[in-house]
Amino acid sequence: MEEKKVSASAQLLSMEILEQAAECLRTLAHPHRLRIVQILLDHEESVGELARACELPSHMVSEHLRLLKDRGFLESRRDGRKVFYSIAEPALASIMHCIEERFGSSQQSPTPHQ
């Protein structure tokens, strides 16, 4: 059996970098956090509006937002008493695109035959 070799041009990431990536992916690997990212990729939003959209209490959404912000995925701005969140990490769009491509098609209803 022939052993497959990694080409010299394909540079493997260090284990330290892969550990950081895995930790970031663990942070994202929650359905409510993915929904929050999906919404924020479209437009910035307040905690209250995100809570309504996710059908969660505000304190739970705040905790999800804190985790995402601590990981560097989100940024926030204050406007009076409201805090608005937006995407800080542009690569989230690519990650969500992969998720939508892989899992989104199973949600679509079949087209009726004529």
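Residues numbered from 1 in each chain as written. Predicted model: local features only at pLDDT ≥ 70, side-chain atom pairs only at ≥ 80, totals over all residues. Heavy atoms only, no water.

Let's shift gears to the confidence of the model for the protein chain. Note: predicted coordinates in regions of low pLDDT should not be interpreted at a detailed level. The predicted model of the protein chain has a mean per-residue pLDDT of 89, with 84% of residues at 70 or higher. Per-residue pLDDT stays below 50 along residues 109-114; that stretch engages in 0 contacts with residues further than four places along the chain or on separate chains. (pLDDT = per-residue confidence, 0-100. Contact = heavy atoms within 4.5 Å.)

This part takes up a nonpolar patch on the surface. Taken together, the side chains of Leu13, Met15, Ile17 and Leu18 present a nonpolar region at the surface, about 390 Å² in accessible area. Mapping methionine 15 onto the fold places it in helix α1 (residues 15-28). (Patch = residues over 30% accessible without salt bridge, like charges linked within 9 Å, V, L, I, M, F, W, Y side chains within 5 Å. Areas by Shrake-Rupley, 256 points an atom, 1.4 Å probe, with all protein chains shown as cover. Salt bridge = Lys/Arg side-chain N within 4 Å of Asp/Glu carboxyl O. Helix = DSSP H or I, 4+ residues; strand = E, 2+ residues; numbered from the N terminus.)

This part takes up the pairing of strand β2 (residues 74-79). Inspection of the sheet shows β2 paired to strand β3 (residues 82-87) by 6 bridges, in the antiparallel sense. Directly across from glutamate 75, in β3, lies its bridge partner serine 86. Turn length for the β2-β3 hairpin, with the two strands adjacent in sequence and antiparallel, is 2 residues, and the turn residue glycine 80 shows positive phi of about 65 degrees. (Pairing = 2+ DSSP bridges.)

Enumeration according to the criterion identifies 6 salt bridges in this entry. For arginine 71, the salt bridge goes to glutamate 23, with nearest N and O atoms at 3.4 Å. A residue pair is termed long-range when its members are at least 10 positions apart, and arginine 71 in the loop between α4 (58-70) and β2 and glutamate 23 in helix α1 qualify at 48 residues. Residues joined in a network through salt bridges with shared partners are Glu23, Arg26 and Arg71.

Turning next to the side chain of serine 46. Mapped onto the fold, serine 46 is located in strand β1 (residues 45-46). In this structure serine 46 comes out as buried when scored by relative accessible area, which is 5%. A distance of 3.2 Å separates a polar atom in the side chain of serine 46 from the backbone nitrogen of glutamate 49. Setting aside residues no more than four positions away along its own chain, serine 46 makes contact with Lys82, Val83 and Phe84. (Buried < 20%, exposed > 50% of the residue type's maximum accessible area, 1.4 Å probe, protein only. Polar contact = N/O pair within 3.5 Å; in protein donor to acceptor, adjacent residues only side chain to side chain.)

Now for the sheet that holds β1. One open sheet holds the 3 strands; their spatial order is β1-β3-β2, and the pairing between them is antiparallel. Because the sheet does not close on itself, it has two edges, and the strands there are β1 and β2. Those strands touched by α4 are β2 and β3, and its axis lies near 120 degrees from that of β2. (Axes fitted to C-alpha atoms, helices over the stretch in contact; angles between N-to-C directions.)

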